[in-house]
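The primary structure of each chain is shown beneath.
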Amino acid sequence: MKRLIIFGFGLCMALAAVAQPTAPAPIGPLPTKHQVAWQQMETYAFIHFGPNTFMDREWGYGDAPLSAFNPTRLDCEQWVRVLKAAGMRGVIITAKHHDGFCLWPSKYTDYSVRNTPWYAERTAASGAASADASTDKGDASVNKGDVVGQLAAACKKYGLKMGVYLSPWDRHQAFYGTPLYVEYFHAQLEELMTQYGELFEVWFDGANGGDGYYGGAREERKIDRRTYYNFPRAHATVFKHQPQAIIFSDGGPGCRWVGNEKGYAFPTNWSFLRINDVYPGYAQFEELQSGHADGDTWVASECDVSIRPGWFYHESEDDRVKTPEYLTDLYYRSVGHNGTLLLNFPVDRDGLIHPSDSASAVDFRKRIEAELKTDLFAKGVSIKASDTRDKAFPAKALTDGNYDTYWATHDGVTSATLTFTFKRQQRVNRLSLQEYIPLGQRVKAFTAEYLDGKQWRKLDVGEETTTIGYKRLLRFPAVTTNALRISITDSRGPVCLNAVGAYYAAGAEASYEADTSKYDQQKLLR
Ligand code: FUL
């Protein structure tokens, strides 16, 4: 009897194994689960704030007097409320910019908020001893003299993720360029990684201009950007304390700079890099905008841009805030080109996000939501796939709204056609495509068509239809049609798509074709 039971159990296991559908094998390089979660954030904010704000500078020399830093109404909760209303999922703050000033009361330097009039005023009532972040882990009630700590508390209160920018280049410290500075840099990183709760991203900027104040030496100092800072050690510190955090630099390892500071990626955009080729200060900007098709490591692109011409606040730029239309265009060229959008808000001298910036950002979000509000495919469409791997990977997974279900083709099938037929004619001017990136980025080329009577015609999307990646958004002049057809014409392996959507963005018909000349208005900052 016992043997029979064991035999029966074995048979069931064997049958289960046979019935188990086989998922397509992953094709590397692959993202970590943290990189996937990070990419799903899509849009998040940058805050540039510090002595530059008060000195009307972009790159502080490191000599601004501490008395300059005196925001009269600083309110991190106001920042976070604005950012939430603008649909931002996180915020990264310049804890230390190139001028070396620390927005938190670091115990390793005098050049921080701790010695400013703002700190003195904030802490007079509550007592300076309790004002240090190091003692209160970001609790807003006691953390009055710590901008990073106050932002951490506000993020916690409103449910926004937080990240920090720690500039490796420091134009203030006298010992910059020596081994001592490297220890200082790592000690400060340790402070930031341990005092402010969970961080989603850590930003290491690539800029190293050379000249600076350097404790009064006022000279040019050159370091080897590849080796001086000991980045492997910095990465180990981040991973030890914040294993989920994505590390940004020109070449990753978590995410990469997109090669411009204008907020867009190229339509062809691979989330891969040949990791050993790219280093801080890598000057092959075109490559960063498209990634390396033959890369060996998953390093997706982050598209950073400021809502104003400068990263820091300048009153003279109050009337140069990017319009909601402009930001909407950037969204399609960043998130819609397989990147994330990192939108900077230069906090003003009061210590607030300026009303013009918040109005534009909130309106931008409303526009995106309105344009992509109703997925016409989710409302009911019949889908015919030229190839389907298995009933566990059906075409209907493309419209079920579940990130982890996907349509896949058989092994060896690297081209396939999906035909979406509406119940009745629809007006359409937007398409959204997503690959199931946990299994890798695969699609190399595709076409998008609509049925015009009995004739299939190409949609006029105005850009090459090559890669898809996490997300690809297409804009085109509206068509009225019974059916749409997506043909994957080349792929690195079996195709795995988890979502396809179609939309009609009413009112956006005239602006679909963005004027690319406006990108030249903003000078590349480095
Ligand atoms: C650059 C810096 O030099 C700018 O000041 C700014 O912080 C930008 C986001 O990164 O490399």
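Computed from a predicted structure; not experimentally measured.

### Points about the pairing of strand 18 (residues 472-491)
Piece 1. Counting buried residues in strand 18 gives 14 out of 20 residues, a clear majority hidden from the surface.
Piece 2. The sheet contact formed by strand 16 (residues 443-452) and strand 18 spans 7 bridges and is antiparallel. Paired with Thr447 across the strands is Ser487, a residue of strand 18.

### Re the nonpolar core
Piece 1. Counting residues in each nonpolar core, the largest one holds 77 residues, and the members touching the most others are Trp79, Val147, Met162 and Val164.
Piece 2. Among the elements that line this core, the one with the most residues is helix 8 (residues 179-195), at 7 residues.
Piece 3. In this view, Trp79 contacts Ile47, Phe49, Leu74, Ile93, Val147, Leu151, Val347, Gly351, Leu352 and Ile353; residues no more than four positions away in its chain are not counted.
Piece 4. In terms of nonpolar packing, the next biggest core, distinct from the first, is built from 34 residues, Val36, Val278, Leu342 and Tyr406 among them.

### Describing helix 12 (residues 355-371)
Piece 1. With 17 residues, helix 12 should cover 24 Å at 1.5 Å per step; its first-to-last C-alpha distance of 24 Å lies within 8% of that length.
Piece 2. Every buried residue of helix 12 is accounted for by Asp357, Ser358, Ser360, Ala361, Val362, Phe364, Arg365, Ile368 and Glu371.
Piece 3. Tucked into the core, helix 12 has its buried residues touching strand 1 (43-48), helix 4 (76-85), helix 11 (324-334), strand 12 (339-346), strand 15 (416-435) and strand 19 (496-503).

### Structural notes on the sheet that holds strand 11 (residues 300-306)
Piece 1. If you trace the 8 strands once around the closed barrel, you get 1-2-3-4-7-8-11-12, paired in parallel fashion. Strand-to-strand twist of the sheet, defined as the mean angle between neighbouring strand axes without regard to direction, takes the value 25 degrees.

### A word on the site of the ligand
Piece 1. In the region of the ligand, 13 residues are neighbours, and His48, His97, His98, Tyr165 and Asp205 sit closest.
Piece 2. Trp59 has a polar side-chain atom sitting 2.9 Å from an oxygen atom of the ligand.
Piece 3. In this structure, an oxygen atom belonging to the ligand sits 2.8 Å away from a side-chain N or O atom of Tyr165.
Piece 4. Protein contact buries 98% of the 300 Å² of open area that the ligand shows by itself.

### Details of unusual backbone geometry
Piece 1. The omega angle of the peptide bond from Gly28 to Pro29 is -5 degrees, so this bond is cis rather than trans.
Piece 2. Considering the arrangement of structural elements, one finds Pro29 in the loop between helix 1 (2-19) and helix 2 (33-41).
Piece 3. Look at the link from Gly252 to Pro253: it is a cis peptide, with omega at 20 degrees.
Piece 4. The topology assignment puts Pro253 in the loop between strand 7 (246-249) and strand 8 (255-257).
Piece 5. If you check the backbone angles, Glu42 has positive phi at about 65 degrees while not being a glycine.
Piece 6. Positionally, Glu42 belongs in the loop between helix 2 and strand 1.
Piece 7. Residue Glu42 is classed as buried on the basis of its relative accessible area of 12%.
Piece 8. Phi at Asn338 is positive, roughly 65 degrees, even though this residue is not glycine.
Piece 9. Looking at the secondary structure, you find Asn338 in the loop between helix 11 and strand 12.

### Some words on helix 9 (residues 231-241)
Piece 1. Every buried residue of helix 9 is listed here: Phe231, Ala234, His235, Thr237 and Val238. For helix 9, the angular spread of buried residues about the axis comes to 155 degrees, placing them on one side. Helix 9 presents Pro232 and Lys240 as exposed residues on the side facing more than 90 degrees away from its buried surface.
Piece 2. On its buried side, helix 9 packs onto helix 8, strand 4 (201-203) and strand 7.

### Regarding the packing of aromatic side chains
Piece 1. Taken as a whole, this structure holds 39 aromatic pairs when the rule is applied.
Piece 2. Ring geometry for Phe204 against Phe231: centres 5.6 Å apart, planes inclined by 55 degrees, an arrangement best described as tilted. Taken together, the residues Phe204 in the loop between strand 4 and strand 5 (211-212) and Phe231 in helix 9 connect sequence positions 27 residues apart. The exposure classification of Phe204 matches that of Phe231, with both residues buried.
Piece 3. The rings of Phe175, Tyr176, Tyr181, Tyr184, Phe185, Phe204, Tyr214, Tyr228, Tyr229 and Phe231 are connected pair by pair, giving a single aromatic cluster.
Piece 4. In this arrangement the basic side chain of Arg226 is found over the ring face of Tyr279, its NZ or CZ atom lying 3.6 Å from the centre.

### A few points about the packing of helix 4 against helix 7 (residues 147-158)
Piece 1. Close contact between helix 4 and helix 7 brings their axes to 8 Å; oriented N to C, the two are set at 45 degrees. Between helix 4 and helix 7, the crossing angle belongs to the class labelled oblique. Remark: the crossing between helix 4 and helix 7 carries right-handed chirality. Mapping the contact onto sequence places Cys76, Glu77, Trp79, Val80, Arg81 and Lys84 in helix 4 and Val147, Gln150, Leu151, Ala154, Cys155, Lys157 and Tyr158 in helix 7.
Piece 2. Of the residues in the contact of helix 4 with helix 7, the class split is 8 nonpolar, 1 polar and 4 charged.

Parameters and conventions
- Residues numbered from 1 in each chain as written.
- Predicted model: local features only at pLDDT ≥ 70, side-chain atom pairs only at ≥ 80, totals over all residues.
- Heavy atoms only, no water.
- Buried < 20%, exposed > 50% of the residue type's maximum accessible area, 1.4 Å probe, protein only.
- Helix = DSSP H or I, 4+ residues; strand = E, 2+ residues; numbered from the N terminus.
- Pairing = 2+ DSSP bridges.
- Core = buried A, V, L, I, M, F, W, Y, C linked by side-chain atoms within 4.5 Å.
- Contact = heavy atoms within 4.5 Å.
- Expected span 1.5 Å × (residues − 1).
- Axes fitted to C-alpha atoms, helices over the stretch in contact; angles between N-to-C directions.
- Near = heavy atom within 4 Å.
- Polar contact = N/O pair within 3.5 Å; in protein donor to acceptor, adjacent residues only side chain to side chain.
- Areas by Shrake-Rupley, 256 points an atom, 1.4 Å probe, with all protein chains shown as cover.
- Arc of directions from axis to C-beta.
- Phe/Tyr/Trp six-rings, centres within 6.5 Å; stacked < 30°, edge-to-face > 60°.
- Lys NZ or Arg CZ within 6 Å of the ring centre and 35° of its normal.
- Parallel < 35°, antiparallel > 145°, perpendicular 65-115°, else oblique.
- Left-handed = near helix turned anticlockwise from the far one by under 90°.
- Nonpolar A, V, L, I, M, F, W, Y, C, P; charged D, E, K, R; others polar.

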